[in-house]
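# Per-entry structural report
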Amino acid sequence: MTTTPKNGTLAVVGTGPGAADLITPRARQCIEQADIVVGYKTYLDLVTDFIAPHQEVLSSAMMQEIERCRRALVLADEGKQVALVCGGDPGIYAMAGLVYELVKETSSSSRIEIIPGIAALNSCAAILGAPLMHDFAAISLSDLMTPWQVIEKRLQAVAMADFVTVLYNPKSKKRTTQIVRAREIMLEHRDAATPVGIVSGATRAHETVCLTSLADMLDEEIGMQTTVIIGNSATFISGDKMVTPRGYTAKYGLK
Ligand code: SAH
């Protein structure tokens, strides 16, 4: 007699930037209803309140991303309801894409569900004011998997086209030169007074926020939990907020 494997569900869940009330109800429900919650320790720590004692937790401080996703998929293939948690949104520099790549490779027939989350660019923009009101681009400065020439080419393109630019993964202990080069490229096309917003640990206990300029941005603390938002040629600072005009006042006036 052959048994048909009973497939479960793998939900790739975005937990938002950190604050408990910025996780969506659907993400929270997915975590609460899972048989097993899988994730990097830092992100699991942010959702411990939603995990009941009977639920299994596979915390992977050391496990690499590929191994983590593979394990999550195997558990779903065994019939489990699995929640694989990622910070921010799971489809932005996180694990949603990797899961689909593995599904393709292993021909798993588990149901895959991507549960969106509030990305760092959303929470950081909200804290800074309204810097993403016009066309913007996100660029990760991590060259661990993307060749640096490709990143430079994209920086050149967005700098030239005057996109508001969100820099993810700007700097780590080992990667310190990328942010220096990114600023140089921006300065080839933008004024040194262009506003720059720097947010670290958005919505977490240790959140820090700084409004500065392209000229001075490197004087600020930038690390692994930092997102840098560089304004376009119209972005301005009003009080302690960074604003990119959408164009309403230019077209209609404010009266
Ligand atoms: N999936 C995440 C991004 C993961 S890449 C998302 O959607 O936001 C990791 C990078 O995200 C960090 O290096 C940093 O640039 C940014 N980041 C993540 N959480 C952040 C936070 N709370 N505050 C500021 N930046 C954050």
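The following paragraphs examine the structure supplied in this document. These numbers come from a predicted model, not from an experiment. (Residues numbered from 1 in each chain as written. Predicted model: local features only at pLDDT ≥ 70, side-chain atom pairs only at ≥ 80, totals over all residues. Heavy atoms only, no water.)

### Considerations on the overall build of the protein
Tallying secondary structure elements over the protein gives eight helices and 13 strands in all. If you line up the protein on its principal axes, its C-alpha atoms span 75 × 40 × 35 Å. Each of the 255 residues in the protein was classed as buried or not, and the buried ones make up 45%. For the protein, restricting intrachain contacts to residue pairs at least 6 apart in sequence, the fraction spanning at least 24 positions comes to 70%. When the accessible surface of the protein is split by element, carbon and sulfur atoms take 54% of a total near 13,600 Å². Distance from the positive charge centre (24 side chains) to the negative charge centre (27 side chains) of the protein: 3 Å. (Helix = DSSP H or I, 4+ residues; strand = E, 2+ residues; numbered from the N terminus. Buried < 20%, exposed > 50% of the residue type's maximum accessible area, 1.4 Å probe, protein only. Contact = heavy atoms within 4.5 Å. Areas by Shrake-Rupley, 256 points an atom, 1.4 Å probe, with all protein chains shown as cover. Lys, Arg positive; Asp, Glu negative; His and termini not counted. Charge placed at Lys NZ, Arg CZ, Asp CG, Glu CD.)

### Let's talk about the pairing of strand S1 (residues 9-14)
Most of S1 is tucked away: six of the six residues are buried. The pairing of S1 with strand S4 (residues 81-86) spans six bridges and is parallel. Bridge pairing links Gly14 to Cys86 in S4. In terms of strand pairing, S1 meets strand S5 (residues 111-115) through five bridges, oriented parallel. Across the sheet, residue Val12 finds its bridge partner in S5, namely Ile114. (Pairing = 2+ DSSP bridges.)

### Observations regarding helix H4 (residues 96-106)
Burial in H4 covers these residues: Ala96, Val99, Leu102 and Val103. Down the axis of H4, the sector holding all buried residues measures 125°, keeping them to one side. In this structure, H4 carries Glu101, Lys104 and Glu105 as exposed residues pointing more than 90 degrees from its buried face. In this structure, the buried residues of H4 make contact with S1, helix H3 (65-77), S4 and S5. (Arc of directions from axis to C-beta.)

### A short note on a nonpolar patch on the surface
Together, Met133, Tyr248 and Tyr252 make up an exposed nonpolar region whose accessible area comes to about 370 Å². Relative to the elements of secondary structure, Tyr252 occurs in helix H8 (residues 248-252). (Patch = residues over 30% accessible without salt bridge, like charges linked within 9 Å, V, L, I, M, F, W, Y side chains within 5 Å. Salt bridge = Lys/Arg side-chain N within 4 Å of Asp/Glu carboxyl O.)

### Focus: the site of the ligand
Ile92, Ala120, Met224, Thr226 and Thr227 are the nearest of the 21 residues found near the ligand. A distance of 2.8 Å separates a nitrogen atom of the ligand from a polar atom in the backbone of Ala202. When isolated, the ligand has an accessible area of 550 Å², and the protein chains bury 92% of it. Of all the secondary-structure elements, those providing two or more residues to the shell around the ligand are helix H5 (120-128) and strand S11 (226-230). Along the lines of polarity and charge, the residues of the shell around the ligand split into 12 nonpolar, seven polar and two charged. (Near = heavy atom within 4 Å. Polar contact = N/O pair within 3.5 Å; in protein donor to acceptor, adjacent residues only side chain to side chain. Nonpolar A, V, L, I, M, F, W, Y, C, P; charged D, E, K, R; others polar.)

### Describing the state of the cysteines
The full count for this structure, using the stated rule, is zero disulfides. You can see Cys124 has no disulfide; the closest cysteine sulfur is in Cys210, sitting 13 Å from it. Classification of Cys124 as buried rests on a relative accessible area of 2%. Accessibility expressed as a relative area gives 16% for Cys210, which makes it buried. (Disulfide = S-S within 2.5 Å.)

### A look at the environment of Gly117
Summarising the element assignment, Gly117 is placed in the loop between S5 and H5. For the pair Gly117 and Ala27, spaced 90 residues apart in sequence, the C-alpha separation works out to 7.6 Å. Those residues in contact with Gly117, other than ones at most four positions away along the chain, are Gly14, Gly88, Asp89 and Pro90.

### Focus on the sheet that holds strand S10 (residues 208-213)
Within the open sheet, the five strands sit side by side as S7-S8-S11-S9-S10. Their pairing is mixed. Strand pairing shows two members of the sheet lacking a second neighbour, strand S7 (136-140) and S10, which therefore form its edges. Across this sheet, the average inter-strand angle for adjacent strands is 15°, counted without regard to direction. Note: S7 against strand S8 (residues 164-168), five bridges, orientation parallel. (Axes fitted to C-alpha atoms, helices over the stretch in contact; angles between N-to-C directions.)

### Quick word on the sheet that holds strand S2 (residues 36-39)
Backbone hydrogen bonds are what pair the strands of a sheet, in a parallel or an antiparallel way. With parallel pairing, the five strands of this open sheet are ordered in space as S3-S2-S4-S1-S5. In this open sheet, the two edge strands, each paired with only one partner strand, are strand S3 (56-59) and S5. Strand-to-strand twist in this sheet, taken as the mean axis angle between neighbours without regard to direction, amounts to 20°. Relative to S3, S2 is paired through four bridges, and the arrangement is parallel. Paired with Val37 across the two strands is Val57, which belongs to S3. In this fold H3 packs onto S1, S2, S3, S4 and S5, with an angle of close to 160° to the strand it touches most, S4.

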